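Coordinate analysis (summary)
In case you want the letters, here they are:
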Amino acid sequence: MRRKTFSPAFITAILLAVTAAIFALAFYLQGSNVRALYGSGIREAVYEVNDLTGRTEEVLAGRELAPVLRLAARLDALSAAGVLH
């Protein structure tokens, strides 16, 4: 009596489906964690980081300490958004 075996194509399809499910779960968990940290305003935070980094040269050219410290503090507060960007 011959033993039934699965074809290599079927096993490959199963492994690809499991891998895709794991990736989908990881991306979902990452997105939910970001939403938990920043709420639904993560998009605004990324735009703010873009705006702040665009103004960095003009703030540094002013040679005043207070605006530089404000810029650095705001960028530090938005560091996770900067990492995502």
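The present account deals with the structure reproduced in this document. Model, not experiment: these values are computed from the prediction.

The subject of this paragraph is the overall build of the protein chain. Helix and strand content of the protein chain: five helices and zero strands. When the helices and strands of the protein chain are read in sequence order from the N terminus, they spell out α-α-α-α-α. Taken over the C-alpha trace, the protein chain has a radius of gyration of 24 Å; the compact-globule value for 85 residues is 12 Å, which it surpasses by more than 25%. When each of the 85 residues of the protein chain is scored for burial, the buried share is 12%. As displayed, the protein chain has an accessible area near 7200 Å², and 64% of this comes from carbon and sulfur atoms. Separation between the mean location of the 9 positive side-chain charges and that of the 7 negative ones in the protein chain comes to 24 Å.

The next subject is the packing of helix H2 (residues 42–54) against helix H4 (residues 65–77). The geometry of H2 relative to H4 is characterised by a closest axis approach of 10 Å and an angle of 150° between their N-to-C directions. Here H4 runs roughly antiparallel to H2, going by the angle between their axes. Between H2 and H4 lies a crossing whose hand is left-handed. Contact residues: Glu48, Leu52 and Thr53 in H2; Leu71, Arg74 and Leu75 in H4. For the contact of H2 with H4, a count of residues per class yields three nonpolar, one polar and two charged.

What follows concerns H2. Here H2 spans 18 Å end to end across 13 residues, near enough to the 18 Å set by a 1.5 Å rise per residue. Among all positions of H2, only Ile42, Ala45, Val46, Val49 and Leu52 are buried. End-on, the buried residues of H2 take up no more than an arc of 125°, which puts them together on one face. In H2, the exposed positions angled more than 90 degrees off the buried face are occupied by Arg43, Glu44, Tyr47 and Gly54.

The next point concerns the environment of Ala72. Its location among the elements puts Ala72 in helix H4. In sequence terms Ala72 and Glu57 are 15 residues apart; their C-alpha atoms lie 13 Å from each other.

The rules behind these values
- Every chain is numbered independently, its residues counted from 1 as its sequence is written.
- A pLDDT threshold of at least 70 governs which residues receive local features in this predicted model, and a stricter bar of 80 or more applies before side-chain atom pairs are shown or counted, although totals over entire chains, interfaces and linings include all residues.
- Based on all heavy atoms of the structure, the side-chain values leave hydrogens and waters out of the count.
- Per the convention used, a helix needs a DSSP run of H or I reaching at least four residues, while a strand needs a run of E reaching at least two, with both numbered from the N terminus.
- The reference for a compact globule is 2.2 Å times residues^0.38; the radius of gyration itself is calculated from the C-alpha atoms.
- Type-normalised accessible area, obtained with a 1.4 Å probe on protein chains alone, sets the label of each residue: buried when under 20%, exposed when over 50%, and partly exposed for intermediate values.
- Exposure was quantified through the Shrake-Rupley algorithm and a 1.4 Å probe, taking into account, for residues, occlusion by the shown protein chains and nothing else.
- His is not counted, nor are the chain ends; Lys and Arg add positive charge and Asp and Glu add negative charge.
- By convention, the point assigned to a charge is CZ for Arg, NZ for Lys, CD for Glu and CG for Asp.
- Angles shown run from 0 to 180 degrees and are taken between the N-to-C directions of axes, each axis being a line fitted to C-alpha atoms and, for helices, limited to the stretch in contact.
- Should an angle fall under 35 degrees it is called roughly parallel, over 145 degrees roughly antiparallel, and 65 to 115 degrees roughly perpendicular, with every other angle called oblique.
- Here a crossing is called left-handed whenever its near helix is offset anticlockwise from the far helix by less than a right angle, and right-handed whenever the offset is clockwise.
- When checking whether two residues touch, look at their non-hydrogen atoms; a contact exists if any pair is within 4.5 Å.
- Polar here means any residue outside two lists: the nonpolar Ala, Val, Leu, Ile, Met, Phe, Trp, Tyr, Cys and Pro, and the charged Asp, Glu, Lys and Arg; Gly therefore counts as polar.
- The span expected for a helix works out to 1.5 Å for each residue beyond the first.
- This arc is built from the directions going out from the helix axis to the C-beta atoms.

So far we have only geometry, and geometry alone does not tell us how the molecule works.
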